[in-house]
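Reading the structure
Here is how the chains run, residue by residue.
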Amino acid sequence: MSIFGNERRLFLEGEEETEKLGSELARLVKESGEGLTIFLEGDLGMGKTTLSRGVIRALGHEGAVKSPTYTLVEPYEDLVPPTYHFDLYRLGDPEELEYMGIRDYFNGQSICLIEWPERGEGLLPSPDLEVHLEHQGDGRSAVIRVRSEFGASLLNELELIGPEH
């Protein structure tokens, strides 16, 4: 692990550690009582949905967690805080987000996990954290970047995750 200013790099050996990162983020958000917006970036198959699954399961969801590629958003409103998992991969035009009432999801009290956020550019609010996932050897590299004061406080509290822990 290395920390450079408002960024932390982690090596994640596999799905289990990727889910653990999501779980740790969920724990911190739940303890804070605030909402959180995370942009999840990386190529297909890099673990964006796996990280989202870690967040959603850590908040108490017991069913399947799949990427909402065709519906654009999967609500988990029974969780505390309410959580919304977005996958904007198939979004044709960012204006489509207006028709689905995108602004209602970002109320400061919910967790919003957004895969492919660049497809909604101009209509999405700024995230608290950006997580970029990419292949590294036999695992994945996760680069977590701070984009808000709240995101910085979470990053400072994030417990170490990786093969040596």
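Residues numbered from 1 in each chain as written. Predicted model: local features only at pLDDT ≥ 70, side-chain atom pairs only at ≥ 80, totals over all residues. Heavy atoms only, no water.

So, the overall build of the chain
The criterion, for reference: The numbering of helices and of strands both runs from the N terminus, where a helix is a DSSP run of H or I of at least 4 residues and a strand a run of E of at least 2. For the radius of gyration, the atoms used are the C-alpha atoms, and the globule rule reads 2.2 Å times the number of residues raised to 0.38.
When helices and strands are counted, the chain shows five helices and eight strands. From first element to last, N terminus to C terminus, the chain shows the α and β order β-β-α-β-α-β-β-α-α-β-β-β-α. A globule of 165 residues ought to have a C-alpha radius of gyration of about 15 Å, and the chain, at 15 Å, matches this closely. Projected onto the principal axes, the alpha-carbon positions of the chain cover approximately 45 × 35 × 30 Å.

Focus: the environment of Leu-36
In plain terms, the rule: Any pair of residues with heavy atoms lying within 4.5 Å of one another is described as a contacting pair.
Structurally, Leu-36 is set in strand β3 (residues 36-41). Between the C-alpha atoms of Leu-36 and Glu-15, which are 21 residues apart in sequence, the distance is 22 Å. Setting aside anything within four residues of it in sequence, one finds Leu-36 in contact with Val-29, Ser-110, Ile-111, Cys-112, Asp-128, Phe-150 and Leu-154.

A look at the packing of aromatic side chains
We count it as follows: What counts as a ring pair is set by centres within 6.5 Å for rings of Phe, Tyr and Trp (its six-membered ring), and what kind of pair is set by the plane angle: stacked under 30 degrees, edge-to-face over 60, tilted for all other angles. Accessibility here uses a 1.4 Å probe with only protein chains present; expressed as a share of the type maximum, an area under 20% marks a residue as buried, one over 50% as exposed, and anything in between as partly exposed.
Scanning the model with the defined rule gives four aromatic pairs in all. Taking the centre distance of 5.3 Å and the plane angle of 85° together, the rings of Phe-86 and Tyr-105 count as edge-to-face. Within this pair, whereas Phe-86 is found in strand β5 (residues 83-87), its partner Tyr-105 is found in helix α4 (residues 102-105), the two being separated by 19 residues in sequence. The two residues Phe-86 and Tyr-105 agree in class, both being buried. Taken together, a centroid distance of 5.8 Å and an interplanar angle of 10° make the contact between Phe-86 and Phe-106 stacked. With Phe-86 in strand β5 and Phe-106 in the loop between α4 and β6 (111-115), this residue pair connects regions lying 20 residues apart in the sequence. Of the two residues, Phe-86 and Phe-106, neither departs from the other in class, the shared state being buried. In textbook terms, an aromatic cluster arises when at least three aromatic residues are bridged by ring pairs, as seen for Tyr-84, Phe-86, Tyr-105 and Phe-106.

Structural notes on the nonpolar core
Basically, it comes down to this: Here, nonpolar core refers to any group of buried Ala, Val, Leu, Ile, Met, Phe, Trp, Tyr and Cys residues whose side-chain atoms link them within 4.5 Å.
One finds Leu-21, Ile-38, Ile-144 and Leu-158 to be the most contacted residues of the largest nonpolar core, which totals 30 residues. Of all the elements in the fold, those that place two or more residues in this core are β2 (7-12), α1 (15-32), β3, α2 (48-58), β6, β7 (129-136), β8 (139-146) and α5 (149-157).

Side note on the environment of Arg-57
Positionally, Arg-57 belongs in helix α2. As a C-alpha pair, Arg-57 and Gly-22 span 35 residues in sequence and 8.9 Å in three-dimensional space. Ignoring sequence-local partners within four residues, the contact set of Arg-57 consists of Glu-19 and Gly-63.

Some points on the side chain of Arg-140
Rules: Residues scored as charged are limited to Lys and Arg (positive) and Asp and Glu (negative), so that His and the chain ends carry no count. The rule for a salt bridge is simple: a side-chain nitrogen of Lys or Arg has to be within 4 Å of a carboxyl oxygen of Asp or Glu. Pairs of N or O atoms within 3.5 Å make up the polar contacts considered here, provided that, within protein, one atom can donate a hydrogen while the other can accept it, and that residues adjacent in sequence are counted only when both atoms are side-chain atoms.
Here Arg-140 lies in strand β8. Buried charge without a partner: Arg-140 forms no salt bridge, and the closest opposite charge is Glu-15, 6.6 Å away. There is a polar contact of 2.5 Å between the side chain of Arg-140 and the backbone oxygen of Met-46. Once residues lying within four places of it in the same chain are set aside, the contact partners of Arg-140 are Leu-10, Phe-11, Leu-12, Gly-45, Met-46, Gly-47, Glu-134 and His-135.

Regarding the packing of α1 against α2
Note the following rule: Angles shown run from 0 to 180 degrees and are taken between the N-to-C directions of axes, each axis being a line fitted to C-alpha atoms and, for helices, limited to the stretch in contact. Here roughly perpendicular refers to angles of 65 to 115 degrees, roughly parallel to angles under 35, roughly antiparallel to angles over 145, and oblique to all remaining angles. Crossings are classed by handedness, with left-handed meaning an anticlockwise turn of the near helix from the far one by less than a right angle and right-handed meaning a clockwise turn. Charged means Asp, Glu, Lys or Arg here, nonpolar means Ala, Val, Leu, Ile, Met, Phe, Trp, Tyr, Cys or Pro, and polar covers whatever is left, Gly included.
Contact geometry for α1 and α2: axes closest at 7 Å, N-to-C directions at 45°. Here α1 lies oblique to α2, going by the angle between them. The handedness of the crossing between α1 and α2 is right-handed. Note on element contacts: α2 touches α1 through Thr-50, Leu-51, Arg-53, Gly-54, Val-55, Arg-57 and Ala-58, opposite Glu-15, Thr-18, Glu-19, Leu-21, Gly-22, Ser-23, Leu-25 and Ala-26. Grouping the constituent residues of the contact of α1 with α2 by class yields six nonpolar, five polar and four charged.

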